[in-house]
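Listed below are the residues making up each chain.
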Amino acid sequence: MTKPDRQTDEDAFDVKRYFRHLIGWSVLLSFALIGGVLVFFAVRQFLTSGGTPNLLIALIGTPLMVLTGYYLYRTMPDFTMGEPNTKRGNRSRSIMVAVVLVGLAIGFPIITADSEQGGALLWSNGPIPATAALAALLIWAAALPILHFAGRHYGDEHTVGVHDFSMMVAGSLFYYLAPIWWIGWRGGFFPQPDVMVLFVIALIAATVANYWKRFA
Amino acid sequence: MNNRLKVLRAERDWSQAELAIHLDVSRQAVNAIETGKHDPSLPLAFRIARLFDMPIEEIFHDEA
């Protein structure tokens, strides 16, 4: 490979273009999953009751799932984000995959309970069945320290530095907001503090700080 | 802190990804060091110096 080739190769990685591609791919993935869910329900209903309406849903869902799925397969983004395929890098990316899987595993008991009760448990702030809550909190409590340790162990110093910065921003915001809300509530100015609202604010702040530190 | 990392890398005809492999860091880390957004730790600075067979002070310069 000649020097100009290498320069082109290096310049070819465009973060904004990569994320546009990734977002577009994720939206299409949602359509493919919706198609899969439609097919699943159509097949289940057909097996239990039969009839043309179920076939109609299958006729919509099957091409949606197959065609979108094939297109997604052909245009799958390079999840290395321009990074070299090193042991450390691959382990670091595996942790990101593990984070997503843990998220799904935590949501699964709640979604299962949700389908049994016919409510919207996942996105509500109401009570959930004790077994679902216990399963979700045990997964979170066991997985988070391991993922945190592995993330720091396999990340390079820049990655760890960016993570430390984003945690500092999120923590500082939490330290700042929590007493204001609490004292304001006791003074009768604000509604009762909600820990999950503070958690989401801190999470958003950490994500913005992380991306700012990496790409700004 | 200023540094000559980009020049030294270009002299060896390495991409950022190739230098990242040599240093066992991410390409983002190499980019952040080259653009002055991240000052490497002493251990990484020594690794860089050993890789290019140069003293640290010939690669990194204090801005003052």
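So, how was this worked out
- Residues numbered from 1 in each chain as written.
- Chains lettered and ligands numbered in written order.
- Predicted model: local features only at pLDDT ≥ 70, side-chain atom pairs only at ≥ 80, totals over all residues.
- Heavy atoms only, no water.
- Contact = heavy atoms within 4.5 Å.
- Buried area = accessible area lost by both parts, 1.4 Å probe.
- Salt bridge = Lys/Arg side-chain N within 4 Å of Asp/Glu carboxyl O.
- Polar contact = N/O pair within 3.5 Å; in protein donor to acceptor, adjacent residues only side chain to side chain.
- Axes fitted to C-alpha atoms, helices over the stretch in contact; angles between N-to-C directions.
- Helix = DSSP H or I, 4+ residues; strand = E, 2+ residues; numbered from the N terminus.
- Parallel < 35°, antiparallel > 145°, perpendicular 65-115°, else oblique.
- Nonpolar A, V, L, I, M, F, W, Y, C, P; charged D, E, K, R; others polar.
- Expected span 1.5 Å × (residues − 1).
- Bend = angle between axes of the 7 residues up to and from the residue.
- Buried < 20%, exposed > 50% of the residue type's maximum accessible area, 1.4 Å probe, protein only.
- 1 Å grid on protein atoms, 1.4 Å probe; cavity = no way out; pocket = protein on both sides within 12 Å on 5 of 7 lines; lining within 4 Å.
- Points joined across faces, edges and corners; volume = space filled by probe spheres on them.
- Core = buried A, V, L, I, M, F, W, Y, C linked by side-chain atoms within 4.5 Å.
- pLDDT = per-residue confidence, 0-100.

Caption draft 1: Representation of the interface of chain A and chain B. Every contact between the two is made by 19 residues of chain A and, on the other side, 23 residues of chain B. Around 1800 Å² of area is buried between chain A and chain B when both sides are counted, 41% of it from carbon and sulfur atoms. Counting every contact that joins chain A to chain B gives one salt bridge. Residues A:Arg88 and B:Asp24 are paired through a salt bridge, measuring 3.3 Å at the closest nitrogen-oxygen approach. Connecting chain A to chain B are seven residue pairs in polar contact (both at pLDDT 80 or more).

Caption draft 2: Highlighting the packing of helix α2 (residues 16-23) of chain B against helix α4 (residues 42-52) of chain B. Residue and element names in this part refer to chain B. Running from N to C, α2 and α4 point in directions that differ by 110 degrees, and their axes come no closer than 10 Å. Classified by the interaxial angle, the pair formed by α2 and α4 is roughly perpendicular. Of the residues in α4, those touching α2 at Leu 19, His 22 and Leu 23 are Leu 44, Arg 47, Ile 48, Leu 51 and Phe 52. Across the contact of α2 with α4, the residue classes break down as six nonpolar, one polar and one charged.

Caption draft 3: Seen up close, the environment of A:Ile111. With respect to the helices and strands, the residue A:Ile111 is situated in helix α4 (residues 87-117). Along the chain, A:Ile111 and A:Ala132 lie 21 residues apart, while their C-alpha atoms are 8.8 Å from each other.

Caption draft 4: Quick peek at helix α5 (residues 130-154) of chain A. All names here are of chain A. The end-to-end C-alpha distance of α5 is 36 Å, a good match for the 36 Å that 25 residues give at a rise of 1.5 Å each. Considering bend angle alone, the principal kink of α5 is centred on Ala 143 and spans about 30 degrees; proline Pro 145 follows within four residues of it. Regarding α5, the residues found buried are Ala 132, Ala 136, Ala 143, Leu 147 and Ala 150.

Caption draft 5: Local environment of empty space enclosed by the protein. Residue and element names in this part refer to chain A. A complete count under the given rule lists one cavity of 30 Å³ or more for this structure. Computed from the structure, the largest cavity encloses a volume of approximately 30 Å³. Residue lining of the largest cavity: Ala 170, Leu 173, Phe 174, Leu 177, Leu 198, Ile 201 and Ala 202, and that is the complete set. Within the residue set of the lining of the largest cavity, elements represented by two or more residues are α6 (157-186) and α7 (195-215). Per element, the largest residue contribution to the lining of the largest cavity is four residues, and it comes from α6. Its residues assigned to classes, the lining of the largest cavity shows seven nonpolar, no polar and no charged.

Caption draft 6: Highlighting the side chain of B:Glu34. All names here are of chain B. Its location among the elements puts Glu 34 in helix α3 (residues 27-34). In this structure the side chain of Glu 34 is engaged in a polar contact, spanning 2.5 Å, whose partner is the side chain of Arg 9. Excluding anything up to four places from it in sequence, Glu 34 contacts Asn 3, Leu 5, Lys 6, Arg 9 and Gln 16.

Caption draft 7: A look at the nonpolar core. Formed by 18 residues in total, the largest nonpolar core has its most connected members in B:Val25, B:Ile48, B:Phe52, B:Ile59 and B:Phe60. Where this core is concerned, the elements lending two or more residues are α1 (5-11), α2, α3, α4 and α5 (56-59) of chain B. Here this core gets five residues from one element, more than from any other, and that element is α4(B). Setting aside chain neighbours within four positions, we find B:Phe52 in contact with B:Leu5, B:Leu8, B:Arg9, B:Arg12, B:Trp14, B:Leu19 and B:Ile59. By size, the runner-up hydrophobic cluster in this structure holds eight residues, among which are A:Ile95, A:Ile106, A:Leu147 and A:Ala150.

Caption draft 8: Expanded view of the environment of A:Leu144. By secondary structure assignment, the location of A:Leu144 is in helix α5. For the pair A:Leu144 and A:Val99, spaced 45 residues apart in sequence, the C-alpha to C-alpha distance is 8.6 Å.

Caption draft 9: The confidence of the model for chain B, seen in detail. Residue and element names in this part refer to chain B. The predicted model of chain B averages 92 in pLDDT, with 98% of residues at 70 or higher. Confidence scores differ between elements of chain B, with strand β1 (residues 2-3) showing the lowest mean pLDDT of 90 and α4 the highest of 96. This prediction of the complex comes with two scores: 0.72 for pTM and 0.89 for ipTM.

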